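# Results of the structural survey
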Amino acid sequence: MQRDVGSLPLAPALRARLVAAGFQTAQELLETGPCGLSKEIGISKEEALEALQVVRQECHGDAARTAGGSGATRKCTALELLEEEQAQGFIITFCSALDNILGGGVQLTKITEICGAPGVGKTQLCMQLAVDVQIPECFGGVAGEAVFIDTEGSFMVDRVVDIATACVRHCRLIAEAHQEEDHLKALETFFLESILSHIYYFRCRDYIELLAQVYLLPDFLSEHSKVRLVVVDGIAFPFRHDFEDLSLRTRLLNGLAQQLIIIANDHKSAVVLTNQMTTRIGQGQSTLVPALGESWGHAATVRLIFHWDNSQRLATLYKSPSQKESTIPFNITSHGFRDVQPPAVTQNAEDTEMNPRKRPRREEEK
């Protein structure tokens, strides 16, 4: 972070302003932040954010080159990549149908985007994952912690309490059924207050706060090394208004996507984003598509689209490098994100008599 300001790949006029304002190193710029930098050198907050994105990416590249020694690029074989991939864990969703089409759950080191209309269950799944990421390893979890970045004000702590209570109860039932020592020991630290204390919540009210938070996140994650989930709910909301320069919006989004990829890989975490839907009109018809355009569609490794079929919620795996496209139903219950249960079969005397599969009783049997 001690890189000289004059060596950064910034516009010459901007470098001159920085030097004139007394900035000497990249570290000083990053510590100032976008608002402070904007006031110090007389540029807009958007320009300050874009400059800090460049500075942070350059510093990250320098750190990677230093760690790697003389070779700037890490070399490995396809077999090593396969072994690393198989060693990565999954965060279960408590909906076995969704876990199955995802290949086991939401995978660590990958970016998963959840798209859908309002009220279809995007935030519900995010809150479910923020609880599930903390499930102890002996119960099939990853024993991690969660960061929840909220841009829409949709995070409801009382709902998280319901989900966490149901999760703890589920694990207790497993422990009672198996009576294994590691299960009982894990439950000593897996309870409601512990779960809530390991969900780190950040409220961002505009895209400047969101970008600043994401770019400061690596430092936070270095101090909280158990974080295995980063949620941004939702990614589109701050970028869908107050933007006259769409090319600037595209550059900021591309920088944000790159930073999230770095976070997922460097900190072995799953990054989960929610996205809104927008209407695309063309050739005399309109269709609902994820917001932020085609270029943003390349940012996520996995894309899920939640939608309705009458009153039934459905999840479609739209994009995945390893799983086929599939659609499954799911429910939002008082306990959280769950599978659709088959209807209970009830039989009364009249049903039994009229069931053609049943052998009619003869008079002598009555």
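Residues numbered from 1 in each chain as written. Predicted model: local features only at pLDDT ≥ 70, side-chain atom pairs only at ≥ 80, totals over all residues. Heavy atoms only, no water.

Its 22 residues give helix 7 (residues 157-178) an end-to-end C-alpha distance of 32 Å, which sits within 8% of 32 Å, the value for a rise of 1.5 Å per residue. The set of residues buried in helix 7 consists of Arg159, Val160, Ile163, Ala164, Ala166, Cys167, Val168, Cys171 and Ala175. On its buried side, helix 7 packs onto helix 6 (122-132), helix 8 (181-187), helix 9 (192-197), strand 5 (199-203), strand 12 (326-333) and strand 13 (336-338). Immediately downstream of helix 7, the backbone of glutamine 179 shows phi near 50°, a positive value. (Helix = DSSP H or I, 4+ residues; strand = E, 2+ residues; numbered from the N terminus. Expected span 1.5 Å × (residues − 1). Buried < 20%, exposed > 50% of the residue type's maximum accessible area, 1.4 Å probe, protein only. Contact = heavy atoms within 4.5 Å.)

Spatial ordering of the open sheet is given by 5-4-6-7-3-10-11-12-13, a layout of nine strands whose pairing is mixed. The open sheet terminates on both sides in strands that have one partner only, identified here as strand 5 and strand 13. Each strand axis lies, on average, 25° off the axis of its neighbour in the sheet, ignoring direction. As defined by bridge partners, strand 12 adjoins strand 13 across three bridges and the pair is classed as antiparallel. In the strand pairing of strand 13, threonine 333 is matched with glycine 336. (Pairing = 2+ DSSP bridges. Axes fitted to C-alpha atoms, helices over the stretch in contact; angles between N-to-C directions.)

Bringing the pattern of salt bridges into the picture now. All told, the structure shown has three salt bridges when counted by the stated rule. Here glutamate 113 and arginine 303 are joined by a salt bridge, their closest N and O atoms 2.7 Å apart. Of the two residues, glutamate 113 sits in strand 3 (residues 111-116) while arginine 303 sits in strand 10 (residues 302-309), which places them 190 residues apart along the sequence. Given a relative accessible area of 1%, glutamate 113 falls into the buried group. In this structure, glutamate 294 and arginine 280 form a salt bridge, with 2.7 Å as the shortest nitrogen-oxygen distance. One end of the pair, glutamate 294, is in helix 12 (residues 293-296); the other, arginine 280, is in strand 8 (residues 277-282), and 14 residues separate them in sequence. (Salt bridge = Lys/Arg side-chain N within 4 Å of Asp/Glu carboxyl O.)

Each regular strand displays side chains that alternate between the two surfaces of the sheet. Relative to strand 11 (residues 312-319), strand 10 is paired through seven bridges, and the arrangement is antiparallel. Each bridged residue has a counterpart across the sheet, and for leucine 304 the counterpart in strand 11 is leucine 317. Linking two consecutive strands that pair antiparallel, namely strand 10 and strand 11, is a turn of two residues; a positive phi of about 60° is found at asparagine 310 within it. With five bridges joining them, strand 11 and strand 12 adopt antiparallel strand pairing. Of the residues in strand 12, the one forming a bridge with alanine 315 is isoleucine 328. In sequence, strand 11 turns back onto strand 12 through a hairpin of six residues.

Coordinates in, geometry out; function isn't part of it.
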